[in-house]
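Structural features, examined
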Amino acid sequence: MIRVDQAGEYGATRIYAGQLAVLGDRHPCSRTIARMATQEQRHLEEFDRLIADRGVRPTLLQPLWKVAGHALGAATALMGPEAAMACTAAVETEIDKHYSEQLKALGDDDPDLAATIAEFQAEELEHRDAAIAAGAENALGYPVLSAFIRAGCRAAIALSKRI
């Protein structure tokens, strides 16, 4: 769980970095993206700490997630701010589902990890809701774009579990 969550938070920081690289700091969406990026960085730092403390091997795919995350963020931002928000909404929808499955699997076995996941899940839902409020669903081809990104997230989760 920790390996996959660390990989996901790393990917999220790279997506937001890609979006901000394209949109800059003066675009109206940039403040929202920067705030979300700061929270994702905090999540990443916590999972980095858990990886070290618990002796968990990080995914070997991190170099791929570095490039893929940045590329996804930049590509959606190049499509426009609504597409960047659609990316966030899609990713956070899958992460919410993923975290819910993890919390169910954990049950009462690891209350500290469960509390961390629940806290981060709430923030991910805030990101999703902020993205939708910022016009994610108005992006050109939103249903297709969202489905594509969500499928990519599911694939990244499955691969990070194994590799």
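Every chain begins its residue count from 1, and numbering advances along the sequence as written. Only residues with pLDDT of 70 or above have their local features reported here, since the model is predicted, and side-chain atom pairs are shown and tallied only from 80 upward, although totals for entire chains, interfaces and linings are computed over all residues. Hydrogens and water molecules were not included; the side-chain quantities draw on all heavy atoms of the structure.

**Structural notes on the overall build of the protein**
Spelled out, the test is: Numbering of helices and strands starts at the N terminus; helices are DSSP runs of H or I of at least 4 residues and strands are runs of E of at least 2. Here the radius of gyration uses the C-alpha set of atoms, whereas the globule reference equals 2.2 Å times the residue count to the power 0.38. Relative accessibility decides the category of a residue: with a 1.4 Å probe and only protein chains considered, values under 20% of the type maximum give buried, values over 50% give exposed, and everything between is partly exposed. The protein chains shown are the only cover counted for residues, whose accessible areas, like all others here, come from Shrake-Rupley with a 1.4 Å probe.
Scanning the protein from N- to C-terminus turns up six helices and zero strands. Sequence-ordered secondary structure for the protein, helices as α and strands as β, is α-α-α-α-α-α. Computed over the C-alpha atoms, the radius of gyration of the protein is 15 Å, within 12% of the 15 Å expected from 2.2 N^0.38 for a compact globule of 163 residues. A total of 163 residues make up the protein; the buried ones form 47% of that total. When the accessible surface of the protein is totalled, it reaches about 8000 Å², and 59% of it is carbon and sulfur.

**Details of the packing of aromatic side chains**
For clarity, the threshold we go by: In summary, the pairing rule links any two rings of Phe, Tyr or Trp, Trp by its six-membered ring, whose centres are within 6.5 Å, and it sorts them by plane angle into stacked for under 30 degrees, edge-to-face for over 60 and tilted for everything else.
One pass over the structure, following the stated rule, counts one aromatic pair. An angle of 75° between the planes, with centres 5.7 Å apart, marks the rings of F47 and F120 as edge-to-face. Of this pair, F47 sits in helix α2 (residues 30–54) while F120 is found in helix α5 (residues 111–133), placing the two residues 73 residues apart along the sequence. Taking relative accessible area as the criterion, F120 reaches 2% and is therefore assigned buried.

**A word on α5**
To keep it simple, the criterion reads: Helix span is expected to be 1.5 Å times the residue number reduced by one. The contact definition used throughout considers only heavy atoms, calling two residues in contact when any of these lie within 4.5 Å.
In this model α5 runs 33 Å from its N-terminal to its C-terminal C-alpha over 23 residues, within 8% of the 33 Å that 1.5 Å per residue would give. What α5 keeps buried is the set L113, A114, T116, I117, F120, Q121, E123, E124, H127, A130 and A131. Those residues of α5 hidden inside the fold are in contact with α1 (2–23), α2 and α4 (81–106). Backbone geometry just downstream of α5 places G135 in the positive-phi region, at approximately 105°.

**Focus: the environment of C153**
Among the secondary structure elements, C153 is positioned in helix α6 (residues 142–162). Owing to a relative accessible area of 14%, C153 belongs among the buried residues under this scheme. It is 24 Å that separates the C-alpha atoms of C153 and A52, two residues lying 101 residues apart in sequence. Ignoring any residue separated from it by four or fewer positions in sequence, one finds C153 in contact with V91 and E94.

**Digging into the packing of α2 against α5**
Any two packed helices are characterised by how steeply their axes cross, that is the angle between the axes, and by the distance between the axes. Under the convention used in this document: To define axes, lines are fitted to C-alpha atoms, for helices over the stretch in contact only, and angles between the resulting N-to-C directions are given on a 0 to 180 degree scale. Comment on the angle field: the value is read as roughly parallel under 35 degrees, roughly antiparallel over 145, roughly perpendicular from 65 to 115, and oblique elsewhere. A clockwise turn of the near helix away from the far one marks a right-handed crossing, whereas an anticlockwise turn of less than a right angle marks a left-handed crossing.
With their axes 11 Å apart at the nearest point, α2 and α5 run at an angle of 160° to one another. Our classification of the angle between α2 and α5 gives roughly antiparallel. Considering how the two elements wind past one another, α2 and α5 form a crossing that is left-handed. On α5, the residues that touch T32, R35, M36, Q39, E40, R42, H43, E46, F47, L50 and R54 of α2 are L113, T116, I117, E119, F120, E123, E124, E126, H127 and A130.

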